[in-house]
Amino acid sequence: MTQELRAAIEAICGAAVESIERFPGGDISGASAVRLADGRKFVVKTGPVVSVEAGMLLAMETASTPSPRVIGCRDDVMVIEHLVARGGFGDAWDSLAEALHGLRELTSDTYGWHEDYALRHVQVENAPADSWSRFWAERRLACHVPHLEISLGRRVETLAGALDALIPANPDASFVHGDLWGGNVLASGNRITGLIDPCACWGDREVDAASLTVFDHPPESFFAALDLEGGWRERQPVYRLWMWLLHVRLFGDSYRPAVERELDELGF
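Reading the values: rules and limits
- Residues numbered from 1 in each chain as written.
- Predicted model: local features only at pLDDT ≥ 70, side-chain atom pairs only at ≥ 80, totals over all residues.
- Heavy atoms only, no water.
- Buried < 20%, exposed > 50% of the residue type's maximum accessible area, 1.4 Å probe, protein only.
- Helix = DSSP H or I, 4+ residues; strand = E, 2+ residues; numbered from the N terminus.
- Pairing = 2+ DSSP bridges.
- Polar contact = N/O pair within 3.5 Å; in protein donor to acceptor, adjacent residues only side chain to side chain.
- Contact = heavy atoms within 4.5 Å.
- Lys, Arg positive; Asp, Glu negative; His and termini not counted.
- Salt bridge = Lys/Arg side-chain N within 4 Å of Asp/Glu carboxyl O.
- 1 Å grid on protein atoms, 1.4 Å probe; cavity = no way out; pocket = protein on both sides within 12 Å on 5 of 7 lines; lining within 4 Å.
- Points joined across faces, edges and corners; volume = space filled by probe spheres on them.
- Nonpolar A, V, L, I, M, F, W, Y, C, P; charged D, E, K, R; others polar.
- Phe/Tyr/Trp six-rings, centres within 6.5 Å; stacked < 30°, edge-to-face > 60°.
- Lys NZ or Arg CZ within 6 Å of the ring centre and 35° of its normal.
- Axes fitted to C-alpha atoms, helices over the stretch in contact; angles between N-to-C directions.
- Parallel < 35°, antiparallel > 145°, perpendicular 65-115°, else oblique.
- Left-handed = near helix turned anticlockwise from the far one by under 90°.
- Disulfide = S-S within 2.5 Å.

**Concerning the pairing of strand E5 (residues 77-81)**
Moving on, step 1. Taken across its 5 residues, E5 has 4 buried, putting it largely inside the fold.
Moving on, step 2. Note: strand E3 (residues 41-46) against E5, 5 bridges, orientation antiparallel. In the sheet register, lysine 45 faces E5, and the bridge partner there is methionine 78.
Moving on, step 3. Pairing geometry for strand E4 (residues 70-74) and E5, over 4 bridges, is antiparallel. Bridge pairing links arginine 74 to valine 77 in E5.
Moving on, step 4. Following E4, the chain reverses through 2 residues before pairing antiparallel with E5; aspartate 75 in that reversal takes a positive phi of roughly 50°.

Printed below as a string of structure tokens:
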């Protein structure tokens, strides 16, 4: 731990740092557990966009959805509440559905976010748009085309150009976590203790439902509890595609078959 990091943590928390230990995993959003000399324990994250994440977490704090409280942020260092997590969330799907309903309490008149974000070297464009289909086409699909192999990029570009016919232009705009998969869901027993690492925007709540099918396998009861709009299953590949495109850019062509599978399912 550098002296600068220690100083920032101590300035935010008002106590000396006793120890800091990096959590395992976290390929994109690495975090560390910090124990202070007064016995308190927090989580610290560093990087050029932690202030943007702090703003997203602060928004989540105003909903009934469990999420870590922001302790403070300065000098590219963010300190947040350390939440209890014991095991996976395989018994907590009902609680997770409740948590997602909580995010619907947060609404907006537009789509997007007031700041861009980033996942490592990949810029996440959030410039607001008055149409959801245009936001998703431009900020979540077409923006990746210059970074893809030519033939794959053309398929994505063609899909983006046809998106008005595939997803709604003006669904209710609520808080979308944006990177919701098992690793970003903390649970203890059958209760969710917190949703972490948002990559948020104002948009269609179906995005988070689709994200949870990328690496996880929600039961039908979970989707029933969400009470999604008719046709939601047909729209899931459009929203999953964003996650797969990110993985191609972050981790390489081993994720290309997943992108192609979603495009095939959509007929592009």
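Here the narrative resumes.
**Quick word on the side chain of histidine 177**
Moving on, step 1. Mapped onto the elements, histidine 177 comes out in the loop between strand E8 (174-176) and strand E9 (185-188).
Moving on, step 2. Of note is the side chain of histidine 177, whose polar atom sits 2.7 Å from the backbone oxygen of isoleucine 196.
Moving on, step 3. Here histidine 177 is in contact with Met60, Leu103, Asn184, Leu195, Ile196, Asp197, Pro198, Cys199, Ala200 and Asp208, once residues within four sequence places are set aside.

**Description of the side chain of aspartate 179**
Moving on, step 1. By secondary structure assignment, the location of aspartate 179 is in the loop between E8 and E9.
Moving on, step 2. With no salt bridge to any partner, buried aspartate 179 finds its closest opposite charge in lysine 45, at an N-O distance of 8.3 Å.
Moving on, step 3. The contact partners of aspartate 179, leaving out residues within four places of it in the chain, are Asn184, Asp197, Cys199 and Met243.

**Here's the deal with empty space enclosed by the protein**
Moving on, step 1. The tally for this structure, following the rule as stated, stands at 2 cavities of 30 Å³ or more.
Moving on, step 2. In this structure, the largest cavity spans a volume of roughly 100 Å³.
Moving on, step 3. Every residue along the wall of the largest cavity is listed here: Leu100, His101, Leu103, Arg104, Ser174, Phe175, Arg205, Asp208, Ala209, Leu226 and Leu228.
Moving on, step 4. Sorting the residues of the lining of the largest cavity by element identifies helix H3 (93-103), E8 and helix H6 (206-211) as the ones contributing at least two each.
Moving on, step 5. The leading source of residues in the lining of the largest cavity is H3, at 3 residues.
Moving on, step 6. Looking at the lining of the largest cavity residue by residue, the class counts come to 6 nonpolar, 2 polar and 3 charged.

**Topic: the packing of aromatic side chains**
Any two aromatic rings considered together are summarised by their centre-to-centre distance and by the angle between their planes.
Moving on, step 1. Enumeration over the complete set of coordinates arrives at 17 aromatic pairs.
Moving on, step 2. Three or more aromatic residues joined by ring pairs form one cluster here, namely Tyr111, Trp132, Phe135, Trp136, Tyr239 and Trp242.
Moving on, step 3. When the ring centre of tryptophan 242 is taken as origin, the NZ or CZ atom of arginine 140, which lies over that ring, is 4.6 Å away.

**A short note on the packing of helix H8 (residues 232-251) against helix H9 (residues 256-266)**
Moving on, step 1. Where H8 meets H9, the closest approach of the two axes is 9 Å, and the angle between their N-to-C directions is 160°. Between H8 and H9, the interaxial angle falls into the category roughly antiparallel. The way H8 lies across H9 gives a crossing that is left-handed. Residues Glu234, Pro237, Val238, Arg240, Leu241, Trp244, Leu245 and Val248 of H8 touch H9, and the partners they reach there are Arg256, Ala258, Val259, Arg261, Glu262, Leu263, Glu265 and Leu266.
Moving on, step 2. Of the residues in the contact of H8 with H9, the class split is 10 nonpolar, no polar and 6 charged.

**Regarding the sheet that holds strand E2 (residues 32-36)**
Moving on, step 1. Strand order across the open sheet formed by 5 strands is E1-E2-E3-E5-E4, with antiparallel pairing between neighbours. Strand pairing shows two members of the sheet lacking a second neighbour, strand E1 (17-22) and E4, which therefore form its edges. Pairs of neighbouring strands in the sheet enclose a mean axial angle of 25°, with direction left out of account.
Moving on, step 2. In the packing of helix H2 (residues 50-61) onto the sheet, the strands contacted are E3, E4 and E5, and the crossing angle to E4 comes to about 155°.

**Examining the state of the cysteines**
Moving on, step 1. Counted under the stated rule, the structure contains 0 disulfides.
Moving on, step 2. Here cysteine 201 stays unpaired: no disulfide links it, and the sulfur of cysteine 199, its closest cysteine neighbor, is 7.9 Å away.
Moving on, step 3. A residue is classified by how much of its surface remains accessible, and cysteine 201, at 2% relative accessible area, is buried.

**Observations concerning the pattern of salt bridges**
Moving on, step 1. Enumeration according to the criterion identifies 15 salt bridges in this entry.
Moving on, step 2. With a closest N to O distance of 2.9 Å, glutamate 53 and lysine 45 form a salt bridge. Assigned by exposure class, glutamate 53 and lysine 45 land together as buried.
Moving on, step 3. Glutamate 206 serves as the salt-bridge partner of arginine 235, at 2.8 Å between the closest nitrogen and oxygen. Placement of the pair is arginine 235 in helix H8 and glutamate 206 in helix H6, with a sequence separation of 29 residues.
Moving on, step 4. Accessibility expressed as a relative area gives 12% for arginine 235, which makes it buried.

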